[in-house]
Amino acid sequence: MGASDLRVTVDGVKLRCVLDPALVLGHACGRPLALGLTRVFEAWLPRSFWRVLDASDLISLDTEAAPWLHPLALNDWTALRDGTDAGSWPLRWVGDNLHESQLRSSVDDSLLERFERHAEALQAPEPTDAGLGWQCSFDAVGSAHDALALSAALDGAMLLCQAPDAETPPGPVLALSRLGHQPLELPPDESRSLMAAERLFVRQAVAAAGLAAQLQSLGHLCIVHALTWPAAGEAANDDGHDPWHHSQSWWYRL
């Protein structure tokens, strides 16, 4: 195999990127941003995204129960869902079962089982005081649980999310902290690690996809990785195995 052949093979594989629901449902540009990212990444939607979308008719955007949902984004996604065959979507996702998932041929069917195992092992978010009933579970941190489970099930895939400001970590990092996990933050001036190389690659990829202006306008974008592995002598699918017991996570600001 020549050098040019190797370059084509490497360039032809897209990095997997899980999209935090708070990012793609919280801004008017959420849908075009997500679709644009499919040009350079293998973009995935977690199950919590669909649960919000399926309950869109019941959501009151005037309440404090769902302060991060943008009505234009919700309408855009609902229109795409209702007007497009699921098989035509360039995005991939996990649903409540295999029939409601869109895995394509990039992963084997065991992904759904791995996702369920990781999601069930995460503790449910504590109820908030705002709103009533099912709406309480749709906060930015709580919605990150499914996204983290999907990142781990995809062997530590990138999770693209947004922090509220330059000082506060993003929702997925806060969610992990609630569970006693402390993700390692990559300093902005770090340039020698593999995560620093990935950060540069991601920045170049989104710029090449023509998304630089959109992402720059949003601000405070972050990447999170959640990686888990079984202990020595313990199979990942053993009954009672907590996949998060042996885990490591990293995050950095774009």
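Just so we're clear, the structure is a prediction, and the values are computed from it rather than from any experiment. Here, residues in each chain are numbered from 1, in the same order as that chain's written sequence. Residue-level local features of this predicted model are given only where pLDDT is at least 70; pairs of side-chain atoms are given and counted only at 80 or more, and the full residue set underlies all totals for whole chains, interfaces and linings. With hydrogens and water stripped out, all remaining heavy atoms of the structure feed into the side-chain values.

Peer 1: Just to check I follow, could you spell out the overall build of the chain for this structure?
Peer 2: Counting its regular elements, the chain contains 10 helices and 7 strands. Here the chain, with 254 residues, has 48% of them falling under the buried criterion. A contact between two residues is defined here by any heavy atoms of the two lying within 4.5 Å. Long-range pairs, those at least 24 residues apart, make up 74% of the contacts in the chain with a sequence separation of at least 6. Here the open area of atoms and residues is found with the Shrake-Rupley method and a 1.4 Å probe, where only the protein chains shown may cover a residue. For the chain, the exposed area adds up to about 12800 Å²; of that, 52% sits on carbon and sulfur atoms. To qualify as a helix, a DSSP run of H or I must reach at least 4 residues; to qualify as a strand, a run of E must reach at least 2; elements of each kind are numbered from the N terminus. Only protein chains enter the accessibility calculation, which uses a 1.4 Å probe; a residue is then buried when its area is under 20% of its type maximum, exposed when over 50%, and partly exposed in between.

Peer 1: Honestly, the packing of aromatic side chains in this entry has me stumped. Any pointers?
Peer 2: Centre-to-centre distance and the angle between the planes together describe a pair of aromatic rings. Only Phe, Tyr and Trp rings take part, Trp by its six-membered ring, and two of them pair if their centres are within 6.5 Å. Stacked means planes under 30 degrees apart, edge-to-face means over 60, and tilted covers everything else. This model, assessed by the stated rule, comprises 6 aromatic pairs. Measuring from ring centre to ring centre gives 5.4 Å for W89 and W93, while their planes differ by 75°; the resulting arrangement is edge-to-face. Three or more aromatic residues joined by ring pairs form one cluster here, namely F49, W50, W77, W89 and W93.

Peer 1: What should I look at first to understand the confidence of the model for the chain in this one?
Peer 2: Low pLDDT marks stretches whose predicted atomic positions should not be read closely. Model confidence for the chain is summarised by a mean pLDDT of 80, while 78% of its residues fall at 70 or above. A residue's pLDDT is the predictor's confidence in that residue, given on a scale from 0 to 100. Of the regions scoring below 50 in pLDDT, residues 1-10 engages in 1 contact with residues more than four places distant in sequence or in other chains. Scored below 50 in pLDDT, residues 127-137 shows 17 contacts in the model against residues more than four places distant or in partner chains.

Peer 1: Explain the packing of helix α7 (residues 144-153) against helix α8 (residues 171-178) here, please?
Peer 2: Helix packing geometry: the angle between the two helix axes and the distance between the axes. Two elements in contact, α7 and α8, have axes whose closest approach is 9 Å; the angle formed by their N-to-C orientations is 85°. By the angle class used here, α7 and α8 are roughly perpendicular. Mapping the contact onto sequence places A144, H145 and L148 in α7 and G171, P172, A175 and L176 in α8. To get an axis, a line is fitted to the C-alpha atoms, and for a helix only the part in contact is used. The angle between two axes follows their N-to-C directions and goes from 0 to 180 degrees. Throughout this description, any angle smaller than 35 degrees is read as roughly parallel, any larger than 145 degrees as roughly antiparallel, any in the 65 to 115 degree range as roughly perpendicular, and the remainder as oblique.

Peer 1: Sorry, what's going on with empty space enclosed by the protein here?
Peer 2: Gaps between atoms show up when a probe of the same size as a water molecule is rolled over them. Buried and open spaces are told apart on a 1 Å grid over the protein atoms alone, a cavity being a set of points where a 1.4 Å probe fits but cannot get out and a pocket being an open set with protein on both sides within 12 Å along at least five of seven lines. Residues with an atom within 4 Å of a point are the lining residues. Grid points are joined across faces, edges and corners, and a volume is the space filled by probe spheres set on the points. Throughout the structure, instances matching the rule amount to 1 cavity of 30 Å³ or more. The volume enclosed by the largest cavity comes to roughly 40 Å³. Forming the walls of the largest cavity are C17, L37, F41, M158, L160, V202, V206, L215, I223 and L254. Elements represented by at least two residues in the lining of the largest cavity include exactly β4 (158-162) and α9 (194-208). Charged means Asp, Glu, Lys or Arg here, nonpolar means Ala, Val, Leu, Ile, Met, Phe, Trp, Tyr, Cys or Pro, and polar covers whatever is left, Gly included. Within the lining of the largest cavity, the residues separate by chemical class into 10 nonpolar, no polar and no charged.

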